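One-letter residues, chain by chain:
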Amino acid sequence: MKSPHLVVFDLDHTLLNGDSSELWTGEMARLGWINDIDSFQAKHRILMQTYATGNLDMEAYLALNLAPLKARSYQEVAAVAERFVKTQLLDRLYEQGLDLVRRLRVDGHHLLMISASEAFLVEPVAQAIGFDGVIGIEPELENNCFTGRPVLPMSYQAGKIHHCQRYAEEMELSDLPIAFYSDSHNDIPLLEVADYPVAVNPNAHLAEVAKTRGWPVLRLV
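With respect to the packing of aromatic side chains
Here comes step 1: According to the stated counting rule, one finds 7 aromatic pairs in the structure shown.
Here comes step 2: With 5.5 Å between their ring centres and 65° between their planes, tryptophan 24 and phenylalanine 120 make a pair best called edge-to-face. Of this pair, tryptophan 24 sits in helix 1 (residues 20–31) while phenylalanine 120 is found in helix 6 (residues 119–128), placing the two residues 96 residues apart along the sequence. Phenylalanine 120 shares its class with tryptophan 24; the two are buried.
Here comes step 3: Pairwise contacts between aromatic rings join Trp24, Trp33, Tyr74, Phe84, Phe120 and Phe146 into one cluster.

Re the sheet that holds strand 3 (residues 133–137)
Here comes step 1: Here we have 6 strands laid out as an open sheet, ordered 3-2-1-6-7-8, and parallel in their pairing. Edge positions in the sheet fall to strand 3 and strand 8 (217–218), since each has one partner strand and no second.
Here comes step 2: Taken together, the 4 bridges between strand 2 (residues 110–118) and strand 3 define a ladder with parallel strand orientation. When the sheet's bridge partners are listed, isoleucine 114 is paired in strand 3 with isoleucine 135.

With respect to empty space enclosed by the protein
Here comes step 1: If you walk through the whole model with that rule in mind, you get 1 cavity of 30 Å³ or more.
Here comes step 2: The computed volume of the largest cavity comes to approximately 210 Å³.
Here comes step 3: Around the largest cavity, the lining is made up of 20 residues, and of these Asp12, Asp19, Tyr51, Ala116 and Tyr156 lie nearest the centre.
Here comes step 4: At the level of secondary structure, the elements contributing two or more residues to the lining of the largest cavity comprise helix 2 (37–52), helix 3 (58–66) and strand 2.
Here comes step 5: Per element, the largest residue contribution to the lining of the largest cavity is 3 residues, and it comes from strand 2.

Points about the nonpolar core
Here comes step 1: Residues Phe9, Leu15, Trp24, Leu69, Met113, Phe131 and Tyr181 are the most contacted members of the largest nonpolar core, which totals 50 residues.
Here comes step 2: If sequence neighbours within four positions are ignored, leucine 69 has contacts with Trp24, Met28, Trp33, Val77, Phe120 and Phe146.
Here comes step 3: Formed by 21 residues, the second largest nonpolar core is a distinct cluster that contains Ile135, Cys164, Ala199 and Ala210.

Structural notes on the side chain of aspartate 183
Here comes step 1: For aspartate 183, the position within the fold is in the loop between strand 6 (178–182) and helix 8 (188–193).
Here comes step 2: Although aspartate 183 lies buried, it forms no salt bridge, and the closest oppositely charged side chain, lysine 160, sits 7.1 Å away as judged by the N-O distance.
Here comes step 3: A polar contact of 3.0 Å, which involves the side chain of aspartate 183, links it to the side chain of threonine 14.
Here comes step 4: Not counting residues up to four positions away in its chain, the partners in contact with aspartate 183 are Asp10, Asp12, His13, Thr14, Val200, Asn201, Pro202, Asn203 and Leu206.

Observations concerning the pattern of salt bridges
Here comes step 1: Under the defined criterion, the tally for this structure stands at 10 salt bridges.
Here comes step 2: A salt bridge links glutamate 95 to arginine 102; its shortest N-O distance comes to 3.7 Å.
Here comes step 3: For arginine 102, a relative accessible area of 37% puts it in the partly exposed group.
Here comes step 4: Across the salt bridge formed by glutamate 140 and arginine 149, the nearest N and O atoms sit 2.5 Å from each other.
Here comes step 5: Residue class for arginine 149 comes out partly exposed when judged on its relative accessible area of 42%.

Structural notes on the layout of surface pockets
Here comes step 1: Roughly 200 Å³ of internal volume is contained in the largest pocket.
Here comes step 2: Lining the largest pocket are 15 residues, with Ile135, Gly136, Glu138, His163 and Arg166 positioned closest to its centre.
Here comes step 3: Residue assignment for the lining of the largest pocket shows that the elements contributing at least two residues are strand 3 and helix 7 (159–170).

A short note on the environment of asparagine 201
Here comes step 1: Here asparagine 201 is to be found in the loop between strand 7 (196–200) and helix 9 (204–213).
Here comes step 2: Of the residues examined, asparagine 201 reaches a relative accessible area of 18% and is grouped as buried.
Here comes step 3: Non-local contacts of asparagine 201, meaning those with residues more than four positions away in its chain, are made with His13, Thr14, Tyr94, Asp183, Leu218, Arg219 and Leu220.
Here comes step 4: Here leucine 220 takes part through its backbone nitrogen, which lies 2.8 Å from a polar atom of the side chain of asparagine 201.

Regarding the pairing of strand 3
Here comes step 1: With respect to burial, strand 3 is a largely interior element, 4 of its 5 residues being buried.
Here comes step 2: Between strand 2 and its parallel partner strand 3, the chain crosses via helix 6, and the hand of that crossover is right-handed.

Quick notes on the rules
- Residues numbered from 1 in each chain as written.
- Predicted model: local features only at pLDDT ≥ 70, side-chain atom pairs only at ≥ 80, totals over all residues.
- Heavy atoms only, no water.
- Phe/Tyr/Trp six-rings, centres within 6.5 Å; stacked < 30°, edge-to-face > 60°.
- Helix = DSSP H or I, 4+ residues; strand = E, 2+ residues; numbered from the N terminus.
- Buried < 20%, exposed > 50% of the residue type's maximum accessible area, 1.4 Å probe, protein only.
- Pairing = 2+ DSSP bridges.
- 1 Å grid on protein atoms, 1.4 Å probe; cavity = no way out; pocket = protein on both sides within 12 Å on 5 of 7 lines; lining within 4 Å.
- Points joined across faces, edges and corners; volume = space filled by probe spheres on them.
- Core = buried A, V, L, I, M, F, W, Y, C linked by side-chain atoms within 4.5 Å.
- Contact = heavy atoms within 4.5 Å.
- Lys, Arg positive; Asp, Glu negative; His and termini not counted.
- Salt bridge = Lys/Arg side-chain N within 4 Å of Asp/Glu carboxyl O.
- Polar contact = N/O pair within 3.5 Å; in protein donor to acceptor, adjacent residues only side chain to side chain.
- Right-handed = clockwise from strand over helix to strand, strands pointing away.

Given below as structure tokens:
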């Protein structure tokens, strides 16, 4: 990519070895924020099985994950999340992915991270590694406290197209071609409309689609 692009990265399993939202549930359990951990984990397992097939009810997943935050202040959660990111997530970033991000930044591309994980997790990661912009699932707030519900539309599947286009318009970047890096079949909608789609450590479904369509494939460690 010689000319400037809007370069968009997914986070989980693309730049990060793991799922930030799933790892966060472990932190909430450690903090004692989940009342019935057995019931929570059982529901979480069922939902993640549907994620693998592309049929996840994202609103139900977020209702489960955001419930322990209900009535907690944004400041409290953001402070805990920032410590969690620094101590448990940043070391999980693929070194080759960080090198790629550095090269793209030096080459003058505009870097945007977009994720279906909660924004209070994604934002500290993106800021730590020098992204220009970041989009994640925004939890709904009332009087600066979590309601347990997400703000719609969510940055998930085709919703990522909406958020990416809105970001480009707001930042006056709509004339730039878009490159998109992702690991998941859930991101096929945005990969299909990107000018430069790249499958990164793709799951089986995305690997098959990438092979059929001739999309580049990266293996990052």
